[in-house]
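In case you want the letters, here they are:
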Amino acid sequence: EVQLVETGGGLVQPGKSLKLTCATSGFTFSTAWMHWVRQSPEKRLEWIARIKDKSNNYATDYVESVKGRFTISRDDSKSSVYLQMNSLKEEDTATYYCTTYYGYYWGQGVMVTVSS
Amino acid sequence: DIVMTQAPLSVSVTPGESASISCRSSKSLLHSNGITYVYWYLQKPGKSPQLLIYRMSNLASGVPDRFSGSGSETDFTLKISRVEAEDVGIYYCGQLLENPWTFGGGTKLELK
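Residues numbered from 1 in each chain as written. Chains lettered and ligands numbered in written order. Predicted model: local features only at pLDDT ≥ 70, side-chain atom pairs only at ≥ 80, totals over all residues. Heavy atoms only, no water.

Things to note about the state of the cysteines
All names here are of chain A.
Right, so step 1: In total, this model carries 2 disulfides over all chains according to the counting rule given.
Right, so step 2: Note that Cys22 is cross-linked by a disulfide to Cys98, the S-S spacing being 1.9 Å. Judged by the torsion about the S-S bond (55°), the Cys22/Cys98 disulfide is right-handed. Separated by 76 residues along the polypeptide, Cys22 in strand β3 (residues 18-25) and Cys98 in strand β9 (residues 94-100) bring together distant segments of the chain. (Disulfide = S-S within 2.5 Å. Helix = DSSP H or I, 4+ residues; strand = E, 2+ residues; numbered from the N terminus.)

If you want it as structure tokens, here you go:
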């Protein structure tokens, strides 16, 4: 059974940092391209980052609104993908999902609230 | 970025009847490999999005064949025939042709 489990969310003040983890199982993680997608409180979906596999040099890509602030990474030995979020803004408040295989598999999501 | 525009915002359907949701992209989603990279997702209340249709017209595993997808290079339709109570939720179209992936604003399906 495929599982993706996000952890690390919570309430954080503007300007602070948070690191999300997506632990996976049930599929060949090492060859999967992994993505983070977030959903605003208004229910809008926004893709924010992708990391390719080793054969593609772990290439990363980001949506413009998070470039320079967020970093996606992965650890194939732990079948996990991460999202380091720095300089958080109130507009980063959302539920964050990891997903793979063109959105075939999704985690349950983790809430991040940025507020003073 | 490619803009995905969905309509309607909401639809109310009598169980057993059909429903259609439209989605338009600001750019052709037809790749040179012949695949059209539009995807449909359903987010049931309190759940994560789930894939319904991939590459415009292919039914994802485990999805009832009451769901179907069709379209052209920029105009797409999700049809749900014989709507059931379990179909309630928010439907999203998305383009996965290029980064950033972008999604429509969602269509909320409710039962009458």
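Now that the structure is up, let's keep going.
Some points on the sheet that holds strand β7 (residues 67-71) of chain B
Residue and element names in this part refer to chain B.
Right, so step 1: Read across the sheet, 4 strands follow the order β1-β3-β8-β7 without closing on themselves; strand pairing throughout is antiparallel. Pairing within the sheet leaves two strands with one partner each, and these edge strands are β1 (4-7) and β7. Taken pair by pair, the neighbouring strands of this sheet meet at an average axis angle of 20°, ignoring direction.
Right, so step 2: Pairing geometry for strand β3 (residues 19-25) and strand β8 (residues 75-80), over 6 bridges, is antiparallel. (Pairing = 2+ DSSP bridges. Axes fitted to C-alpha atoms, helices over the stretch in contact; angles between N-to-C directions.)

Here's the deal with the packing of aromatic side chains
Right, so step 1: Under the definition given, this model contains 12 aromatic pairs over all chains.
Right, so step 2: When the centroid spacing of 5.8 Å and the interplanar angle of 80° are considered together, the rings of Tyr101 of chain A and Tyr105 of chain A count as edge-to-face.
Right, so step 3: For Tyr101 of chain A, a relative accessible area of 37% translates into the label partly exposed.
Right, so step 4: Relative accessible area serves as the criterion here: at 26%, Tyr105 of chain A is assigned to the partly exposed category.
Right, so step 5: Where Tyr102 of chain A meets Trp101 of chain B, the ring centres are 6.5 Å apart and the plane angle is 15°; that geometry is what we call stacked. Placement of Tyr102 of chain A in the loop between β9 and β10 (105-106) and of Trp101 of chain B in the loop between β9 (89-95) and β10 (102-103) is noted, with the two residues assigned to different chains. (Phe/Tyr/Trp six-rings, centres within 6.5 Å; stacked < 30°, edge-to-face > 60°. Buried < 20%, exposed > 50% of the residue type's maximum accessible area, 1.4 Å probe, protein only.)

Brief notes about the pairing of β7 of chain B
Residues and elements named next belong to chain B.
Right, so step 1: Here β7 runs beside β8; their pairing, made up of 5 bridges, is antiparallel. Bridge pairing in β8 links Gly69 to Leu78.
Right, so step 2: Where β7 hands over to β8, the hairpin turn is made up of 3 residues, counted between the paired strands.

Here we look at the interface of chain A and chain B
Right, so step 1: Across the contact, 20 residues belong to chain A and 18 residues belong to chain B.
Right, so step 2: Around 1,700 Å² of area is buried between chain A and chain B when both sides are counted, 62% of it from carbon and sulfur atoms.
Right, so step 3: At the boundary of chain A and chain B, one finds 0 salt bridges.
Right, so step 4: Summed over the shared surface of chain A and chain B, the number is 8 residue pairs in polar contact (both at pLDDT 80 or more).
Right, so step 5: Listing elements by their share of the side of chain A that touches chain B, those giving two or more residues are β4 (34-39), β5 (45-51) and β9 of chain A.
Right, so step 6: At 4 residues, the largest contribution of residues to the side of chain A that touches chain B is made by β5 of chain A.
Right, so step 7: Its residues assigned to classes, the side of chain A that touches chain B comprises 8 nonpolar, 7 polar and 5 charged. (Contact = heavy atoms within 4.5 Å. Buried area = accessible area lost by both parts, 1.4 Å probe. Salt bridge = Lys/Arg side-chain N within 4 Å of Asp/Glu carboxyl O. Polar contact = N/O pair within 3.5 Å; in protein donor to acceptor, adjacent residues only side chain to side chain. Nonpolar A, V, L, I, M, F, W, Y, C, P; charged D, E, K, R; others polar.)

Digging into the nonpolar core
Right, so step 1: Among the nonpolar cores identified, the biggest contains 66 residues, and Trp36, Leu83 and Tyr96 of chain A are the most heavily contacted of them.
Right, so step 2: Each residue touching Leu83 of chain A, except ones within four places of it in the same chain, is listed here: Leu18, Lys19, Leu20, Trp36, Ile48, Ala49, Phe70, Thr71, Ile72 and Tyr96 of chain A. (Core = buried A, V, L, I, M, F, W, Y, C linked by side-chain atoms within 4.5 Å.)

Focus: the sheet that holds strand β8 (residues 80-85) of chain A
Residue and element names in this part refer to chain A.
Right, so step 1: Sheet architecture is open: 4 strands sit in the order β1-β3-β8-β7, paired in antiparallel fashion. If you trace the sheet from one side to the other, it starts and ends with β1 (3-7) and β7 (70-75), each paired once. Averaged over all pairs of adjacent strands, the angle between their axes in this sheet comes to 15°, without regard to strand direction.
Right, so step 2: Pairing of β3 with β8, which is carried by 6 bridges, proceeds in the antiparallel orientation. By the bridge assignment, Lys19 is partnered in β8 with Gln84.

With respect to unusual backbone geometry
Right, so step 1: Residue Ala7 of chain B is joined to Pro8 of chain B through a cis peptide bond whose omega torsion reads -5°.
Right, so step 2: Within the element layout of this structure, Pro8 of chain B appears in the loop between β1 and β2 (10-13).
Right, so step 3: The linkage connecting Asn99 of chain B with the following residue, Pro100 of chain B, adopts the cis geometry, with an omega of 0°.
Right, so step 4: With a phi close to 50°, Tyr58 of chain A is a non-glycine residue in the positive phi region.
Right, so step 5: Tracing the chain through its elements places Tyr58 of chain A in the loop between β5 and β6 (60-62).
Right, so step 6: According to the relative accessible area criterion, Tyr58 of chain A is partly exposed, its value standing at 32%.
Right, so step 7: With phi around 75°, Met56 of chain B is a residue other than glycine that occupies positive phi space.
Right, so step 8: Among the secondary structure elements, Met56 of chain B is positioned in the loop between β5 (49-54) and β6 (58-59).
Right, so step 9: Judged by its relative accessible area of 15%, Met56 of chain B is buried.

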